[in-house]
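# Summary of structural features
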Amino acid sequence: MASSQRDVIDFSALEKDLRAGVEAERKYQRENDAKLRAVQQGVGSYQQFRDLVLTSHLTPLHKNEKNARKQAPWNPLVARVTNNANTPVPQEQHTYTPDQQ
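This one's a predicted model, so the numbers in the text were calculated from it and none came from an experiment. (Residues numbered from 1 in each chain as written. Predicted model: local features only at pLDDT ≥ 70, side-chain atom pairs only at ≥ 80, totals over all residues. Heavy atoms only, no water.)

## Some details on the overall build of the chain
Summing up its helical and strand segments, the chain has three helices and zero strands in all. Along the chain, helices (α) and strands (β) appear in the sequence α-α-α when read from the amino end. When the accessible surface of the chain is split by element, carbon and sulfur atoms take 53% of a total near 10700 Å². (Helix = DSSP H or I, 4+ residues; strand = E, 2+ residues; numbered from the N terminus. Areas by Shrake-Rupley, 256 points an atom, 1.4 Å probe, with all protein chains shown as cover.)

Below, the structure is given as structure tokens:
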């Protein structure tokens, strides 16, 4: 019996498909549960129903997560620019002066 290219199983692709299928099933179950809860609660409008379903992936914060300080910069999009002496370059500071007419 000769082995051909079609007989070779690509396990990484198979695992990727399996993970995608499992995640799709979890999403379906989560959204379906949210729909059933929304109907049971008797939401007032379709918009409220839709909002409940669309936010079903969110989880509530725990007490210790609310007050935890994050170690993130205030503006992560601004990169620190340094000069040749390896000291930070200060940002320009402008003071607001209203136009006098």
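So that's the structure; there's more coming.
## Regarding the packing of helix H1 (residues 11-41) against helix H2 (residues 46-54)
Packing of H1 against H2 leaves a shortest axis separation of 8 Å and a crossing angle of 145°. The chirality of how H1 crosses H2 is right-handed. From H1, Glu31, Ala34, Lys35, Ala38, Val39 and Gln41 reach across to H2, where they touch Phe49, Leu52 and Val53. For the contact of H1 with H2, the per-class residue count stands at six nonpolar, one polar and two charged. (Axes fitted to C-alpha atoms, helices over the stretch in contact; angles between N-to-C directions. Left-handed = near helix turned anticlockwise from the far one by under 90°. Contact = heavy atoms within 4.5 Å. Nonpolar A, V, L, I, M, F, W, Y, C, P; charged D, E, K, R; others polar.)

## What about a nonpolar patch on the surface?
A grouping of Ile9, Phe11 and Leu14 is seen on the molecular surface, where their side chains present a nonpolar patch of about 340 Å² in accessible area. On the secondary structure map, leucine 14 appears in helix H1. (Patch = residues over 30% accessible without salt bridge, like charges linked within 9 Å, V, L, I, M, F, W, Y side chains within 5 Å. Salt bridge = Lys/Arg side-chain N within 4 Å of Asp/Glu carboxyl O.)

## Focus: the environment of alanine 38
Position of alanine 38 among the secondary structure elements: in helix H1. In this structure the C-alpha to C-alpha distance between alanine 38 and valine 53, which are 15 residues apart in sequence, comes to 8.0 Å.

## Thoughts on the side chain of serine 56
Turning to its location among the elements, serine 56 is positioned in the loop between H2 and helix H3 (63-66). On the accessibility criterion, serine 56 (14% relative accessible area) is buried. Here arginine 30 takes part through its side chain, which lies 3.4 Å from a polar atom of the side chain of serine 56. Aside from chain neighbours lying at most four places away, what touches serine 56 is Arg30, Glu31 and Ala34. (Buried < 20%, exposed > 50% of the residue type's maximum accessible area, 1.4 Å probe, protein only. Polar contact = N/O pair within 3.5 Å; in protein donor to acceptor, adjacent residues only side chain to side chain.)

## Remarks on the pattern of salt bridges
Overall, the coordinates contain one salt bridge when judged by the stated rule. With a closest N to O distance of 2.6 Å, arginine 19 and glutamate 15 form a salt bridge. Linking arginine 19 with glutamate 15, this pair stays in helix H1, spanning four residues, or about one helical turn. We classify arginine 19 as exposed; its relative accessible area is 57%. On the basis of relative accessible area, glutamate 15 is assigned to the partly exposed category, the value being 40%.

## A word on H1
Under the 1.5 Å per step criterion, the end-to-end length of H1 is 45 Å for 31 residues, consistent within 8% with the ideal 45 Å. Looking one or two residues past H1, glycine 42 carries a phi angle of roughly 70°, positive in sign. (Expected span 1.5 Å × (residues − 1).)

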